[in-house]
Amino acid sequence: MGEFYPYLIASLPTLHFGMKPPFSFEQFLETCHRLIPEKDYQILRNLPRPENYSEEGRKHRFVERWIKFDTALRNETARMRAGRHHIEAAPYLRPDTYTGPSLAPVVAAATLSPSLLDGEKVLDETRWKMLDELAIAHYFDLDALITYAYKLLILHRWERIRNADASLLLREALEQEAV
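Below: a short report on this structure. Fair warning: this is a prediction, and the values are worked out from it, not measured in the lab. (Residues numbered from 1 in each chain as written. Predicted model: local features only at pLDDT ≥ 70, side-chain atom pairs only at ≥ 80, totals over all residues. Heavy atoms only, no water.)

### A word on the packing of aromatic side chains
The relation between two aromatic rings is expressed through the spacing of the ring centres and the mutual angle of the planes. Applied cut-off: Two rings from Phe, Tyr or Trp (for Trp, the six-membered ring) form a pair when their centres are within 6.5 Å of each other. A pair whose planes differ by under 30 degrees is stacked, one over 60 is edge-to-face, and the rest are tilted. Counting from the N terminus, the helices are DSSP H or I runs at least four residues long and the strands are E runs at least two residues long. Remark: exposure states derive from per-residue accessible area (1.4 Å probe, protein chains only) relative to the maximum for the residue type, with buried under 20%, exposed over 50%, and partly exposed in between. Only lysine NZ and arginine CZ atoms are considered, and such an atom sits over a ring when it is within 6 Å of the ring centre and within 35 degrees of the ring normal.
Under the criterion given, the structure shown has 7 aromatic pairs. The interplanar angle of 75° and the centroid separation of 5.6 Å between the aromatic rings of phenylalanine 17 and tryptophan 128 together place this pair among those described as edge-to-face. Of this pair, phenylalanine 17 sits in the loop between α1 (5-11) and α2 (25-35) while tryptophan 128 sits in helix α6 (residues 116-134); the two residues are 111 residues apart in sequence, bridging distant segments of the chain. The partly exposed category is assigned to phenylalanine 17, whose relative accessible area is 24%. Its relative accessible area of 7% is what places tryptophan 128 among the buried residues. Relative to phenylalanine 28, the ring of phenylalanine 25 lies with its centre 5.8 Å away and its plane at 45°, an arrangement referred to as tilted. Of this pair, phenylalanine 25 and phenylalanine 28 both sit in helix α2, separated by 3 residues, roughly a single helical turn. Residues phenylalanine 25 and phenylalanine 28 agree in their burial class; the two are buried. Taken together, Phe23, Phe25, Phe28 and Tyr148 form an aromatic cluster joined through their ring pairs. Against the face of phenylalanine 25 rests arginine 49, its NZ or CZ located 5.2 Å from the ring centre. The ring of tryptophan 158 carries lysine 121 above its face, with NZ or CZ at 5.8 Å from the centroid.

### Observations regarding the pattern of salt bridges
This is how the line gets drawn: In what follows, salt bridge is the name for a side-chain nitrogen of Lys or Arg lying within 4 Å of a carboxyl oxygen of Asp or Glu.
Tallying each qualifying case throughout the model produces 11 salt bridges. For the salt bridge of aspartate 124 with arginine 127, the shortest nitrogen-to-oxygen distance reads 2.8 Å. Residue aspartate 124 and its partner arginine 127 are both found in helix α6; the two are separated by 3 residues, about one turn of the helix. Of the two residues, aspartate 124 and arginine 127, neither departs from the other in class, the shared state being buried. One connected set of salt bridges, linked through shared partners, spans Asp70, Arg74, Arg81, Glu120, Asp124, Arg127 and Arg157.

Here it is as structure tokens:
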């Protein structure tokens, strides 16, 4: 399969934080599969998600940078929440090697938010902005598609939240709030 990155990326709708996803993640992958090399498609198809960040996903430089940032953001969130509940954070932390600016102010704003949803929105907006930063100077390549994929996943997360049973969502959030 030839590389049709410019055509593919130019044909994708622009994503904005908070919008309804324009299509499913599976539809996105199907479209990409037809237009990019198989090795790049496999990277997209197997993008690590937070619940399964692993060494396997760290083979691509862009993905590695994303995992470092997202892990650091999650660790800082765990530290803040543990501190609020006067418990040890160490059991909830994952190894990270992020060397960027401190994430403490963003996480503090999120955890001090009067609404759990507003706090989560602050964290996901921070993720969105980091994806934009990582994608600087990547317009028509695999890194641009990875950025698009992670943003699409964020939009789908918020779509699930919007469509969720409010009482069930609140119960789950309160259970997670323990840390």
